[in-house]
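The chain contents come next:
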Amino acid sequence: MKEHLDRLIALQEADLRLEEIAERKRRIPELVEAARQPLLTAQATRDSLKQEVDKLSKDRKSCEQDLAEQEQAISKLQDRTTKGEIKTNREYQAHLVEIELAKKKKGEIEEQLLILMDQVDTKKKDLAQAEAAAKEADKRLTAEKASLEGSVGALEEELAALRQKRETMVVAIEPSLLRTYEKLRRSKKGHALAGVSKDGSCMACRLHVQPQVVAEVKRAATIHTCEHCQRILYWPWEPVQVVPKQERKTDEVEVEETAETTD
């Protein structure tokens, strides 16, 4: 019976591996998409920074234009003084105030321009770093995608080999036992068999197994199932050696019989 259990255990290992490989193959598109996320994040950061740089650059150009217009306005005001357009002292004082206000406004524009220039430089540095990060993320994605998609072939080869091996394995298993295994495998998510722990509990459902059953599972003389989860039980630890009783020698038996007759 131990031989039958060993075959079932090997079959379960093969079936679980088949399911694992099939799941890995199914998840490859998901893994590729997950690997794409860092690139998408890096690209979003880069695009956002590029928009900021474009906006700040436009603001700077607009500010430079305002500064040029303000300088031109100041130049025209100063020209009025030299051209004799101002006739009275009152007009002259008002004109000086106007020039002063124009220069103050020019100073404000210059200050704003310096701030914008500093912001543009900072954002351009950030943009350069973001572009480098996006390129690096794209390289990593290309490598990971190639690795994942390249593993499909190896997985398919392993699947084919395991399926062929399984066909050979099932032929060697007693039909009724195989039917029981298949029924349990479908209802127990692939785990038709369960080991018995050293403390005497089912390693699948974690519930207690009767000591007598544990003893018989250790000997593997017959098939036992867990009374709680119905899985086929086996002993995954060191094998239990069954020592047969030694037969008494014939001469020892004759001596005993003679002694009984004498008495």
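Residues numbered from 1 in each chain as written. Predicted model: local features only at pLDDT ≥ 70, side-chain atom pairs only at ≥ 80, totals over all residues. Heavy atoms only, no water.

Caption draft 1: Structural detail: the confidence of the model for the protein chain. Looking at the protein chain as a whole, its pLDDT mean stands at 89, while 91% of the residues score no less than 70. At the low end of the mean pLDDT range in the protein chain sits helix α5 (residues 250-262), at 43; at the high end sits strand β1 (residues 193-195), at 97. Long-range and interchain partners of residues 247-263, a stretch whose pLDDT sits below 50, account for 2 contacts in this model, where long-range means more than four residues apart. (pLDDT = per-residue confidence, 0-100. Helix = DSSP H or I, 4+ residues; strand = E, 2+ residues; numbered from the N terminus. Contact = heavy atoms within 4.5 Å.)

Caption draft 2: Structural context of helix α4 (residues 211-219). All of the buried residues in α4 are Val213, Val214 and Val217. The buried residues of α4 occupy an angular sector of 100° when projected down its axis, which confines them to one face. For α4, the elements touching its buried residues are β2 (232-234). Positive backbone phi, at 55°, marks Ala220, one or two positions downstream of α4. (Buried < 20%, exposed > 50% of the residue type's maximum accessible area, 1.4 Å probe, protein only. Arc of directions from axis to C-beta.)

Caption draft 3: How the structure looks around the packing of helix α1 (residues 2-82) against helix α2 (residues 89-171). The geometry of α1 relative to α2 is characterised by a closest axis approach of 5 Å and an angle of 165° between their N-to-C directions. Here α1 is positioned roughly antiparallel relative to α2, judged by the angle of their axes. The interaxial crossing formed by α1 with α2 has left-handed handedness. Looking at the contact of α1 with α2 residue by residue, the classes come out as 41 nonpolar, 9 polar and 31 charged. (Axes fitted to C-alpha atoms, helices over the stretch in contact; angles between N-to-C directions. Parallel < 35°, antiparallel > 145°, perpendicular 65-115°, else oblique. Left-handed = near helix turned anticlockwise from the far one by under 90°. Nonpolar A, V, L, I, M, F, W, Y, C, P; charged D, E, K, R; others polar.)

Caption draft 4: Representation of the pattern of salt bridges in the model. Summed over the entire model, instances satisfying the criterion amount to 22 salt bridges. Linking Arg140 and Glu136 is a salt bridge whose minimum nitrogen-to-oxygen distance equals 3.8 Å. Here Arg140 pairs with Glu136, and both are found in helix α2, just 4 residues apart, close to one helical turn. Three or more residues are tied together by salt bridges with common partners; here these are Asp15, Glu19, Arg166, Glu182 and Arg185. (Salt bridge = Lys/Arg side-chain N within 4 Å of Asp/Glu carboxyl O.)

Caption draft 5: Representation of the environment of Leu177 within the structure. Within the secondary structure, Leu177 sits in helix α3 (residues 175-187). Of the residues examined, Leu177 reaches a relative accessible area of 11% and is grouped as buried. Sequence-wise, Leu177 and His4 are 173 residues apart; in three dimensions their C-alpha atoms are separated by 8.6 Å. When sequence neighbours within four positions are dropped, the list of residues in contact with Leu177 reads His4, Leu8 and Ile223.

Caption draft 6: Here's a closer look at the packing of α1 against α3. Where α1 meets α3, the closest approach of the two axes is 12 Å, and the angle between their N-to-C directions is 35°. Seen along the crossing, α1 lies across α3 with a hand that is right-handed. Across the interface between the two elements, His4, Leu8, Leu11, Gln12, Asp15 and Glu19 of α1 pack against Leu177, Leu178, Tyr181 and Arg185 of α3. Classifying every residue of the contact of α1 with α3 by side-chain character gives 5 nonpolar, 2 polar and 3 charged.

Caption draft 7: Focus on the nonpolar core. Leu8, Leu11, Tyr181 and Leu193 are the most contacted members of the largest nonpolar core, which totals 25 residues. Top element by residues in this core is α1. It accounts for 9 residues. If we ignore the near neighbours within four places in the chain, the residues touching Tyr181 are Leu8, Leu11, Gln12, Asp15, Arg166, Ala192 and Leu193. Core analysis: the next-biggest nonpolar cluster, separate from the first, contains 11 residues, Cys202, Val209, Cys226 and Cys229 among them. (Core = buried A, V, L, I, M, F, W, Y, C linked by side-chain atoms within 4.5 Å.)

Caption draft 8: Structural detail: the environment of Thr45. Note on placement: Thr45 falls in helix α1. The partly exposed category is assigned to Thr45, whose relative accessible area is 40%. Residues Thr45 and Ala133, 88 residues apart in the sequence, show an inter-C-alpha distance of 9.5 Å.

Caption draft 9: Quick look at the side chain of Lys188. With respect to the helices, strands and loops of the structure, Lys188 is situated in the loop between α3 and β1. Engagement of the side chain of Lys188 in a polar contact is seen with the backbone oxygen of Cys229, the distance being 3.0 Å. Those residues in contact with Lys188 that lie beyond four places of it in its chain are Cys229, Gln230 and Arg231. (Polar contact = N/O pair within 3.5 Å; in protein donor to acceptor, adjacent residues only side chain to side chain.)

Caption draft 10: Broad picture of unusual backbone geometry. Residue Lys189 is not a glycine yet carries a positive backbone phi of 55°. Looking at the secondary structure, you find Lys189 in the loop between α3 and β1. Overall, Lys189 belongs to the exposed group, its relative accessible area being 73%. With a phi close to 70°, Arg206 is a non-glycine residue in the positive phi region. Mapped onto the elements, Arg206 comes out in the loop between β1 and α4. Overall, Arg206 belongs to the exposed group, its relative accessible area being 62%.

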